[in-house]
Amino acid sequence: MSTCSATPLTAKDYRSDQDVRWCPGCGDYSILLALQKALAARQVPKEKVVFVSGIGCSSRLPYYMDTYGIHGIHGRAPAIATGVKLANPELDVWVITGDGDALSIGGNHLLHAIRRNIGLKIVMFNNRIYGLTKGQASPTSELGKKTKSTPFGSIENPVHAISVAIGAEVTFAARAIYNDVKMLQYVLERAAAHRGTAFVEVYQDCAVYNHEAFNYLTDRQTKDDNVLVLEHGKPMTFGRNRDRGIRWDGLKIEVVQIGRDCSVDDLLVHDEHCESPVLAFQLSRMHYPEFPTPMGIFRDVERPVYEEMMFNQIREATARLGPGDLQGLFAETDTWTVEP
């Protein structure tokens, strides 16, 4: 890894000299490119960036970034990244994970990293399958999905990652899809600028074991009717002619036809900075085919960040009690001598 210079960094400057080894057609390639573009847009010095991953296809990404990186163990990337951030809060620390790595064995670590609101940027690649281990059902696989581990169809309800993150009080939640690099880069830039935990779910095609899982969101003939782009301060409209929308119906949301069922003024207006998580959570529960799939920023609110609170607490305790004596702590009262 080379050090930064006065010359502006480009996306290419964040590429390592390693051959990128994902399957041809894998959605991971576009996510890698979007990350490199997002870092270049923010001109983050390479020596200030750390990528931490777990296990899975997505977790190869740190090898392909000319930054610091840690390829960790299955599901533990948030825990490792927490240690990195607390050791040096000045670093930009990214967690790269997959739906299996984050939501199965890593579910506990993910939840606690989120609830602490530590300054991590968590990017979860969601292809709704275990790709590295050759096509088993993952926590996000659809109900009824036939895979090598569920040959008669999955009988488990899928985990909805954004709902889980919002339920854990995440302060930034967003979703993008691998083939829309412009939106993906925008979402990643916003996540990078956020103070606290930023959780980004990226829908990603697995060309080998779950090809076209998101075809309804990528096909030119259908995507306009199936994608709801979230824009702060604007009414929620979608469709090829922007003639459909989302509005409240009591305590739930519904799809309406503009001009027939209501006017644009009756629609929900997106507020990504709303302190209450109610709207963001309702949006996270919108699933195909009943609803369009929301893409963009669900929530972006400010809360105290864990690393600042921890160091403030240490400073206050030190000012009140002194710097402490570790040896004295070991030798103080409540000790026992065990006789042979």
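Above this text sits the structure in question.
All values reported here derive from a predicted model rather than from experimental measurement.

Enquirer: Describe in detail a nonpolar patch on the surface, supporting the description with residues and values.
Expert: Taken together, Leu326, Leu329 and Phe330 make up a surface patch of nonpolar side chains, about 350 Å² in accessible area. Here Phe330 is to be found in helix H11 (residues 326–331).

Enquirer: Account for the sheet that holds strand S3 (residues 92–98), with residues named and values stated.
Expert: One open sheet holds the 8 strands; their spatial order is S2-S1-S3-S4-S6-S5-S11-S7, and the pairing between them is mixed. Looking at strand neighbours, the two that pair on one side only are strand S2 (68–71) and strand S7 (227–230), the edges of this open sheet. Between one strand and the next, the sheet's axes are offset by a mean angle of 20°, whatever the strand orientation. In this structure, strand S5 (residues 172–177) lies alongside strand S11 (residues 293–300), joined through 4 bridges in antiparallel fashion. Paired with Arg175 across the bridge in S11 is Gly296. Against the sheet, helix H1 (residues 28–42) engages strand S1 (49–53), S3, strand S4 (120–126) and strand S6 (198–203), with an angle of about 170° to S3.

Enquirer: Hey, could you go over the layout of surface pockets for me, with residue numbers and the actual values?
Expert: Within this model, the largest pocket holds a volume of roughly 350 Å³. Looking at the lining of the largest pocket, the elements with two or more residues in it are helix H5 (161–167) and S6. When grouped by side-chain class, the residues that make up the lining of the largest pocket number 10 nonpolar, 5 polar and 5 charged.

Enquirer: Summarise the packing of aromatic side chains; cite the residues concerned and give the values.
Expert: Scanning the entire structure with this criterion turns up 5 aromatic pairs. Ring geometry for Phe51 versus Trp94: centroids 5.9 Å apart, planes at 20°, classification stacked. Residue Phe51 is located in strand S1, and its partner Trp94 is located in strand S3; the two are separated by 43 residues in the primary sequence. A relative accessible area of 0% means that Phe51 is categorised as buried. On the basis of relative accessibility, which here comes to 1%, the residue Trp94 falls in the buried class. These aromatic residues form a ring-pair network of at least three members: Trp22, Tyr29 and Tyr64. Lying across the ring of Tyr203, Arg128 places its NZ or CZ 5.3 Å from the centre.

Enquirer: Explain the sheet that holds strand S10 (residues 252–257) to me, using residue names and the numbers behind them.
Expert: Spatially, S8-S9-S10 is the arrangement adopted by the 3 strands of the open sheet, whose pairing is antiparallel. The sheet is open, and its two edges are formed by strand S8 (237–238) and S10, each paired on a single side. Pairing of strand S9 (residues 244–249) with S10 involves 6 bridges; the strand directions are antiparallel. Of the residues in S10, the one forming a bridge with Arg247 is Glu254.

Enquirer: Quick rundown of the pairing of S4? Include the residues and the values.
Expert: Burial within S4 is extensive, with 7 of its 7 residues counted as buried. Every second residue of S4 is oriented toward a common face, with Leu120, Ile122, Met124 and Asn126 on one face and Lys121, Val123 and Phe125 on the other, all of them buried. Bridge count for S3 against S4 is 6 bridges, and the pairing is parallel. Looking at S4, one finds that Val93 is bridged to Leu120. As paired strands, S4 and S6 are joined by 6 bridges and run parallel to one another. Residue pairing in the sheet places Met124 in a bridge with Glu201 of S6.

What counts, and at which threshold
Residues numbered from 1 in each chain as written. Predicted model: local features only at pLDDT ≥ 70, side-chain atom pairs only at ≥ 80, totals over all residues. Heavy atoms only, no water. Patch = residues over 30% accessible without salt bridge, like charges linked within 9 Å, V, L, I, M, F, W, Y side chains within 5 Å. Areas by Shrake-Rupley, 256 points an atom, 1.4 Å probe, with all protein chains shown as cover. Salt bridge = Lys/Arg side-chain N within 4 Å of Asp/Glu carboxyl O. Helix = DSSP H or I, 4+ residues; strand = E, 2+ residues; numbered from the N terminus. Pairing = 2+ DSSP bridges. Axes fitted to C-alpha atoms, helices over the stretch in contact; angles between N-to-C directions. Contact = heavy atoms within 4.5 Å. 1 Å grid on protein atoms, 1.4 Å probe; cavity = no way out; pocket = protein on both sides within 12 Å on 5 of 7 lines; lining within 4 Å. Points joined across faces, edges and corners; volume = space filled by probe spheres on them. Nonpolar A, V, L, I, M, F, W, Y, C, P; charged D, E, K, R; others polar. Phe/Tyr/Trp six-rings, centres within 6.5 Å; stacked < 30°, edge-to-face > 60°. Buried < 20%, exposed > 50% of the residue type's maximum accessible area, 1.4 Å probe, protein only. Lys NZ or Arg CZ within 6 Å of the ring centre and 35° of its normal.

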